[in-house]
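Descriptive structure summary
The primary structure of each chain is shown beneath.
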Amino acid sequence: MTMKFLRGLMQKIENLNRTLYYISSLAILLSAFILTYEVIVRYVLRVPTIWEIESSVYLTVMATYLGAAYGLKDGAHINIDMITRLLPKGFTEKLSLVTSTIALVFCLLLAWKGWVMWWEATAKGWRSESLWGPPLTVPYFFLPLGMTLLSLQYVVLISGLITERGEKSHGS
């Protein structure tokens, strides 16, 4: 019963990350569209703008953090394996478990500090110092949310690595 629940939960985490990956893709497209609009309006029509660059940066930040967990699931993160290819497979699997655990701790720490920063920005009503001046609670939300989701995806990855090791040691 517990394993079935955990598998279902892991599947829900992966589905959520897949959905956020598509949202991140749309955010990048929207950011590109906004920047193109800004170039046309500013340099062709000679109309000054105040919101395009900042909104594009916020959309790119959103896409980066919300898409990170799916990138981990899909194996799309940068992986320097020149040396680990030369190591024995058993050692590489243990190394992957150790590095994933370290990465999980880092992501949890970043998520925790990010939530604290987001709450402070929200509670104190922080705003951008630009002419546009949007509330910072929105862009500050993406870092802790993304790191929380990345942490959950690391838990899924680590549990998969542990399960694989257990199956190999039992000869399944």
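Above this text you will find the structure in question.
Here goes a summary of the coordinates provided. The model shown is predicted, which means the values in this text are computed figures rather than measured ones.

Quick notes on helix α1 (residues 2-44)
Since the α-helix packs 3.6 residues into each turn, any two residues three or four apart lie on the same face. Taking 1.5 Å as the rise per residue, α1 with 43 residues should run 63 Å; its terminal C-alpha atoms sit 62 Å apart, in good agreement. Taken residue by residue, α1 has Ile13, Glu14, Asn17, Leu20, Ser24, Ala27, Ser31, Ile34, Glu38 and Val41 as its buried positions. Arginine 46, located one to two residues past α1, shows a positive phi value of around 60 degrees.

A few points about unusual backbone geometry
With phi around 60 degrees, arginine 46 is a residue other than glycine that occupies positive phi space. Position of arginine 46 relative to the elements: it lies in the loop between α1 and α2 (52-74). What makes arginine 46 exposed here is its relative accessible area of 65%.

Side note on the pattern of salt bridges
In the structure shown here, the tally under the stated rule is three salt bridges. The closest approach of N and O atoms between glutamate 38 and arginine 42, which form a salt bridge, is 2.7 Å. Note that glutamate 38 and arginine 42 are positioned in helix α1 at a spacing of four residues, about one turn of the helix. Arginine 42 sits in the partly exposed class, given a relative accessible area of 30%.

Structural notes on the packing of aromatic side chains
The tally for this structure, following the rule as stated, stands at nine aromatic pairs. Look at tyrosine 37 and tryptophan 51: their rings are 6.2 Å apart centre to centre, the planes differ by 35 degrees, and that puts the pair in the tilted class. In this pair, tyrosine 37 sits in helix α1 while tryptophan 51 sits in the loop between α1 and α2, placing the two residues 14 residues apart along the sequence. Classification of tryptophan 51 as partly exposed rests on a relative accessible area of 33%.

Comments concerning the environment of serine 159
Mapped onto the fold, serine 159 is located in helix α4 (residues 137-169). For the pair serine 159 and leucine 6, spaced 153 residues apart in sequence, the C-alpha to C-alpha distance is 9.9 Å.

With respect to a nonpolar patch on the surface
On the surface, Leu30, Phe33, Tyr37, Ile50, Trp51, Leu131 and Trp132 cluster together to form a nonpolar patch covering roughly 750 Å² of accessible area. Tracing the sequence through the fold places phenylalanine 33 in helix α1.

Procedures and definitions
Residues numbered from 1 in each chain as written. Predicted model: local features only at pLDDT ≥ 70, side-chain atom pairs only at ≥ 80, totals over all residues. Heavy atoms only, no water. Helix = DSSP H or I, 4+ residues; strand = E, 2+ residues; numbered from the N terminus. Expected span 1.5 Å × (residues − 1). Buried < 20%, exposed > 50% of the residue type's maximum accessible area, 1.4 Å probe, protein only. Salt bridge = Lys/Arg side-chain N within 4 Å of Asp/Glu carboxyl O. Phe/Tyr/Trp six-rings, centres within 6.5 Å; stacked < 30°, edge-to-face > 60°. Patch = residues over 30% accessible without salt bridge, like charges linked within 9 Å, V, L, I, M, F, W, Y side chains within 5 Å. Areas by Shrake-Rupley, 256 points an atom, 1.4 Å probe, with all protein chains shown as cover.

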